[in-house]
Amino acid sequence: RTVYLNGEYLPEAEAKVSIFDRGFVMADGVYEVTSVLDGKILEFKGHLARLGRSLSELGMGNPLSDDEWLAIHRKLVELNNIDEGLIYLQVTRGNAGDRDFAYPPQDTPQTVVLFTQAKPGLADNPVAKTGMRVISVPDLRWSRRDIKTVQLLYPSMAKMEAKARGADDAWLVEDGFVTEGTSNNVYIVKDGTIITRQLSTDILHGITRASLLRYAAEAQMQVIERPFTIEEAQSADEAFLTSASAFVLPVVEIDGVKLASGNVGPVATRLRELYLEESM
Ligand code: PDD
């Protein structure tokens, strides 16, 4: 695989970063994951806008222009022959020279890393037909989940807990209400209405979420943005989640309780089709 590191395209084994990098010692960095279908980069503008916001919320500059970011994405897709897959982008505050809680000087070069992950069959995911099983766990992340930082230990622990309990993923719960999934935004459907938590600092502002809600509104589907509980979700007609890597995937079981028939419902199926059609 050819990867990008600080202005260079390199074989992955040659891409090396300092042990003093703040991404490594402090999880001081932000990231984006963008999907590629049919060799095309999806939702590029949205991901770039969110990257800019994450960086500025952490007092970091944006090291590259929009055109430069796009050129790197395109080049990596081409060099690695990605037809279906993901592009991972990470910017950290760079090599501080020493470990220190204070940020290094503003002119410290940031570390910019991009790589691709080939995912043949990304659009044709069989889980779209079978649905996912999720468990609920307390949301023990920090309170600025709107910033897409590389501090992913807790979501990773929650995912492992889900696997240990025979499920596919975990939904995070705070003050009695679901915030989001480990790496996705979550939704329930009741009597045809789509319900999803409103945007705030409590959740990541999903790029897939924004587009999906727009497509749903254009298709005259009813959407309400408000919090919901696990109990409400368990008694919903359907549930589903969205992310750049999942697009739209149905959820058929929560904490061992099957939703309605226990089968994938029509709203999630239609929204997945709609999303894939519209965003390609
Ligand atoms: N995760 N919420 C969280 C906590 C996420 O990590 C993600 C994305 C989302 C969905 O956002 P988007 O639709 O912009 O991908 C919601 C990526 C895919 C990841 O960490 O791999």
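Being a predicted model, the structure only gives us computed values, none of them experimental.

What counts, and where the lines are drawn
- Each chain carries its own residue numbering, running from 1 in the written order of its sequence.
- Since the coordinates come from a predicted model, pLDDT governs what is reported: local features require at least 70, and pairs of side-chain atoms require 80 or more to be given and counted, while whole-chain, interface and lining totals use all residues.
- Any two strands with at least two DSSP bridges between them are considered paired.
- The helix count covers DSSP runs of H or I at least four residues long, the strand count covers runs of E at least two residues long, and both are numbered beginning at the N terminus.
- By convention the nonpolar core is taken to be a set of buried residues drawn from Ala, Val, Leu, Ile, Met, Phe, Trp, Tyr and Cys and joined through C-beta atoms within 7 Å.
- Three classes are used. A residue is buried when 20 or more other C-beta atoms lie within 10 Å of its own, exposed when 12 or fewer do, and partly exposed in between, with C-beta atoms placed from the backbone.
- Placing a C-beta atom from the backbone of each residue, one calls two residues in contact when those atoms lie within 7 Å.
- Only the C-beta atom, placed from the backbone, is used; a residue is near a molecule or strand if that atom lies within 6 Å of it.
- Three categories are distinguished: nonpolar for Ala, Val, Leu, Ile, Met, Phe, Trp, Tyr, Cys and Pro, charged for Asp, Glu, Lys and Arg, and polar for the others, with Gly belonging to the last.

*Asks:* Please explain the pairing of strand β1 (residues 2-5) as it appears in this structure.
*Replies:* Within a regular strand, side chains alternate between the sheet's two faces. Both β1 and strand β2 (residues 8-11) contribute to a ladder of four bridges, which runs antiparallel. Bridge pairing in β2 places Val3 opposite Leu10. Linking two consecutive strands that pair antiparallel, namely β1 and β2, is a turn of two residues; a positive phi of about 45 degrees is found at Asn6 within it. With two bridges connecting them, β1 and strand β6 (residues 111-118) associate as antiparallel partners. The partner of Leu5 across the bridge, within β6, is Val113.

*Asks:* Can you help me understand the nonpolar core in this one?
*Replies:* Soluble globular proteins: nonpolar side chains tend toward being buried together. Val134, Ala170, Tyr187, Ile188, Ala239, Phe240 and Val251 are the most contacted members of the largest nonpolar core, which has 39 residues in total. Tallying contributions element by element places strand β14 (residues 247-254) first for this core, with six residues. Excluding its chain neighbours within four sequence positions, the residues that come into contact with Ile188 are Ile195, Phe228, Glu232, Ala233, Ala236 and Ala239.

*Asks:* Where do I start with the site of the ligand in this structure?
*Replies:* Neighbouring the ligand are 14 residues; Leu204, Gly206, Ile207, Thr208 and Ala244 lie closest to it. Of all the secondary-structure elements, those providing two or more residues to the shell around the ligand are α6 (207-218) and β13 (238-243). The dominant element in the shell around the ligand, judged by the number of residues it contributes, is α6, at three residues. Partitioning the shell around the ligand into residue classes produces four nonpolar, eight polar and two charged.

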